[in-house]
Amino acid sequence: GSGVQVQSGYSTILLALHHLDLQAGSRMVDLGSGYGRVGLVCALLYPKVDFTGYEYVNHRVDASNQRSLFFGLQETLHFVTQDLSLESFQIPDADVYYLYDPFTEDTYRYVLAQILEVSQKQEITVVTKGNARHWFTDVARTNQWREPLYVDEGNLALFKSA
């Protein structure tokens, strides 16, 4: 239950944030936020970015929200317990989406379809870690997104919609 191998490391998070153009008022969504590391680092470095993390495991969400309160970040840092595979779940519009590897194939397809819908309305960036890159590469090519930026020997990829 410590989050080992289910969380992005701090160096990976810092690399991802370094390559994003996060401005005051930007929205970032982490789909499968685990214990909230990405959100916590983002909120500490970019306090005017609105961050929401969605996580299936309730005790991880509770721990993440407790840290948000502890650091006084609760106005812009939020975590929600959510099964992303439910048809009732609608991904909110955001400027940046962060995806790691926690989904089943069906959940990936559902999540990616929703991200593509958002990209039809506005320019977005999708940050993938690990195997999520493979899923999103095909989607990005098919939808004529820009060539991704690969960071950390390909462990991290940043995709921008056209």
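Residues numbered from 1 in each chain as written. Predicted model: local features only at pLDDT ≥ 70, side-chain atom pairs only at ≥ 80, totals over all residues. Heavy atoms only, no water.

Colleague: Run through helix 4 (residues 105-121), naming residues and quoting values.
Modeller: With 17 residues, helix 4 should cover 24 Å at 1.5 Å per step; its first-to-last C-alpha distance of 25 Å lies within 8% of that length. Residues T107, Y108, Y110, V111, L112, Q114, I115, L116, V118 and S119 constitute the buried set of helix 4. Among the structural elements, strand 1 (27-31), strand 4 (96-99), strand 5 (125-129) and helix 5 (132-142) are those in contact with the buried residues of helix 4. (Helix = DSSP H or I, 4+ residues; strand = E, 2+ residues; numbered from the N terminus. Expected span 1.5 Å × (residues − 1). Buried < 20%, exposed > 50% of the residue type's maximum accessible area, 1.4 Å probe, protein only. Contact = heavy atoms within 4.5 Å.)

Colleague: Quick one: what's the story with the nonpolar core, residue by residue and with numbers?
Modeller: One finds L31, Y97, L99, I115, V126, F136 and W145 to be the most contacted residues of the largest nonpolar core, which totals 25 residues. Where this core is concerned, the elements lending two or more residues are strand 1, strand 4, helix 4, helix 5 and strand 7 (156-160). No other element matches the six residues that helix 4 contributes to this core. In terms of nonpolar packing, the next biggest core, distinct from the first, is built from 23 residues, L17, L20, V49 and F79 among them. (Core = buried A, V, L, I, M, F, W, Y, C linked by side-chain atoms within 4.5 Å.)

Colleague: So what's going on with the pairing of strand 1? Which residues, and what values?
Modeller: Among the five residues in strand 1, four count as buried, and that is most of the element. Here strand 1 pairs with strand 2 (residues 50-55) via five bridges, running parallel. What sits directly across from M28, in strand 2, is F51. In terms of handedness, the path from strand 1 via helix 2 (residues 37-45) over to strand 2 forms a crossover that is right-handed. Of the pairings in the sheet, the one linking strand 1 to strand 4 comprises four bridges and is parallel in character. Opposite L31, over in strand 4, you have L99 as the bridge partner. (Pairing = 2+ DSSP bridges. Right-handed = clockwise from strand over helix to strand, strands pointing away.)

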